[in-house]
2 protein chains.
Amino acid sequence: MKKFDKVRYQAMAAVSKALAHPTRLYIVENLKEKSCSVGELTDMIGDDISTVSKHLHILKQNGIVTDQKQGNQVFYKLLCPCVLNIFNCVLDVIQTNTTTSLNLLSRTGRNIR
Amino acid sequence: MKKFDKVRYQAMAAVSKALAHPTRLYIVENLKEKSCSVGELTDMIGDDISTVSKHLHILKQNGIVTDQKQGNQVFYKLLCPCVLNIFNCVLDVIQTNTTTSLNLLSRTGRNIR
DNA sequence: TGCACATTTGGTATAATAGCCAATTACTGT
DNA sequence: ACAGTAATTGGCTATTATACCAAATGTGCA
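Quick look at the structure, then. On a predicted model such as this, the values are computed, not experimentally measured, just so you know.

The rules behind each value
- Residues numbered from 1 in each chain as written.
- Chains lettered and ligands numbered in written order.
- Predicted model: local features only at pLDDT ≥ 70, side-chain atom pairs only at ≥ 80, totals over all residues.
- Heavy atoms only, no water.
- Near = heavy atom within 4 Å.
- Polar contact = N/O pair within 3.5 Å; in protein donor to acceptor, adjacent residues only side chain to side chain.
- Helix = DSSP H or I, 4+ residues; strand = E, 2+ residues; numbered from the N terminus.
- Disulfide = S-S within 2.5 Å.
- Contact = heavy atoms within 4.5 Å.
- Buried area = accessible area lost by both parts, 1.4 Å probe.
- Salt bridge = Lys/Arg side-chain N within 4 Å of Asp/Glu carboxyl O.
- Buried < 20%, exposed > 50% of the residue type's maximum accessible area, 1.4 Å probe, protein only.
- Axes fitted to C-alpha atoms, helices over the stretch in contact; angles between N-to-C directions.
- Parallel < 35°, antiparallel > 145°, perpendicular 65-115°, else oblique.
- Nonpolar A, V, L, I, M, F, W, Y, C, P; charged D, E, K, R; others polar.
- 1 Å grid on protein atoms, 1.4 Å probe; cavity = no way out; pocket = protein on both sides within 12 Å on 5 of 7 lines; lining within 4 Å.
- Points joined across faces, edges and corners; volume = space filled by probe spheres on them.

The local shell around DNA strand C holds 24 residues, among which A:Ser50, A:His55, B:Gly39, B:Ser53 and B:Tyr76 are the closest. Expressed as a percentage, the sugar and phosphate content of the atoms of DNA strand C within 4 Å of the protein is 70%. Between DNA strand C and A:Arg24 there is a distance of 3.3 Å, counted from a phosphate oxygen to a side-chain nitrogen or oxygen. A:Lys69 is positioned such that a nitrogen or oxygen atom in its side chain is 3.1 Å from a sugar or linking oxygen of DNA strand C. Considering each element in turn, the surface near DNA strand C owes the most residues, five residues, to helix H4 (residues 49-61) of chain A.

Turning next to the state of the cysteines. Evaluation of the coordinates by the stated rule reveals two disulfides over all chains. In this model A:Cys36 remains outside any disulfide bridge; the closest cysteine sulfur is found in A:Cys80, 18 Å from its own. Not engaged in a disulfide, the cysteine A:Cys89 finds its nearest cysteine sulfur in B:Cys89; these two sulfurs lie 3.8 Å apart.

Moving on to the interface of chain A and chain B. If you look at the interface, chain A gives 38 residues, while chain B gives 38 residues. Between chain A and chain B the total buried area reaches about 3,300 Å² when both faces are included, carbon and sulfur atoms providing 75% of it. A:Glu29 is paired through a salt bridge with B:Arg8; the nearest N and O atoms lie 2.4 Å apart. Joining chain A to chain B, the criterion identifies six residue pairs in polar contact (both at pLDDT 80 or more). Of all the secondary-structure elements, those providing two or more residues to the side of chain A that touches chain B are helix H1 (3-19), helix H2 (22-30), helix H3 (38-45) and helix H5 (83-107) of chain A. Broken down by element, the side of chain A that touches chain B gets its largest block of residues, twelve residues, from H5(A).

All names here are of chain A. In total, this model carries four salt bridges over all chains according to the counting rule given. Salt-bridge contacts for Lys60 lead to Asp67; the nearest nitrogen and oxygen are separated by 3.1 Å. Accessibility expressed as a relative area gives 37% for Lys60, which makes it partly exposed.

Another point: the packing of H2(A) against helix H1 (residues 3-19) of chain B. Remark: H2(A) packs on H1(B), axes separated minimally by 8 Å, with the N-to-C direction vectors making an angle of 110°. In terms of their interaxial angle, H2(A) and H1(B) are classed as roughly perpendicular. Only B:Asp5, B:Arg8, B:Tyr9, B:Gln10, B:Met12 and B:Ala13 of H1(B) make contact with H2(A), whose side of the interface consists of A:Pro22, A:Leu25, A:Tyr26 and A:Glu29. By residue class, the composition of the contact of H2(A) with H1(B) is six nonpolar, one polar and three charged.

Attention now goes to empty space enclosed by the protein. A complete count under the given rule lists two cavities of 30 Å³ or more for this structure. As a volume, the largest cavity reaches approximately 50 Å³. Lining the largest cavity are A:Ser16, A:Leu19, A:Ile86, A:Val90, B:Ser16, B:Leu19, B:Ile86 and B:Val90. Only H1 and H5 of chain A together with H1 and helix H5 (83-107) of chain B provide two or more residues apiece to the lining of the largest cavity. Grouping the amino acids of the lining of the largest cavity by side-chain chemistry returns six nonpolar, two polar and no charged. One number sums up the size of the second largest cavity: a volume of about 30 Å³. Around the second largest cavity sit A:Met12, A:Ser16, B:Leu19, B:Leu25, B:Ile86, B:Phe87 and B:Val90, which together line it. Those elements giving two or more residues to the lining of the second largest cavity turn out to be H1 of chain A together with H5 of chain B. Residue contributions to the lining of the second largest cavity peak at three residues, all from H5(B).

Right, here's the structure in full:
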């Protein structure tokens with residue numbers, strides 16, 4: 001693999017990795033409509049606040065969210081709503097998988113219900 | 001986070017994780033046009049063939065590629081070309097980041113060239 | 001059958017990730 | 001300055017990923 005390509009794929013992998021965690025996906029999807037404080041997100045998620053803070057840090061580092069202080073709190077919002085497209089693409093892949101599995105099942109004469 | 005959501009986000013994270021590696025992204029992009037044998041991919045990538053084989057296994061497990069024996073060799077191909085959309089989305093994110101950085105730079109009076 | 005080639009699997013060392021707790025930092029209001 | 005709330009950081013441990021080598025498996029052909 002050429003060095004040029006390596007750099008490119010590393011950059012892409014970094015973004016993918018940032019999204020490759022259930023909690024971080026949850027966060028991104030919840031920031032779709034409105035920005036949230038760390039505390040709000042923590043309540044929704046149910047992990048320790050330090051854990052949530054670290055997830056947010058990863059998302060920020062990879063240019064997916066930004067933060068803004070408001071008094072006592074820090075609000076995070078989507079920096080790049082284009083990430084939401086990734087959601088659809090990923091769901092497409094999952095749906096394709098599911099469809100394939102269903103076809104296999106039906107070919108064996110079995111069915112879901 | 002509701003249990004239902006958890007399952008959903010875990011499924012999505014699994015797909016994202018499968019793509020969250022430079023070599024695997026490289027593989028996916030190279031299977032865009034034509035299917036390739038493990039040996040061919042190994043030559044292009046330059047890692048040990050066992051390493052490449054394991055990457056392919058991960059992609060297969062997550063419904064991104066399929067394999068097919070042809071005599072001595074195993075050819076892999078994209079199961080779900082919709083993954084390629086993810087590439088564009090990820091590149092969008094990266095471009096947004098880059099643009100943001102450039103704006104910051106220019107605001108300081110500096111510039112790339 | 002036995003050899004050559006292609007791929008997968010097992011084993012292992014190293015590195016990266018995730019989560020919690022405790023300690024620190026930052027801001028507000030008194 | 002001090003107490004109270006919000007968030008980040010550091011430290012620790014458990015789990016997971018990655019990459020190599022070596023061994024095993026599978027396939028085609030003499």
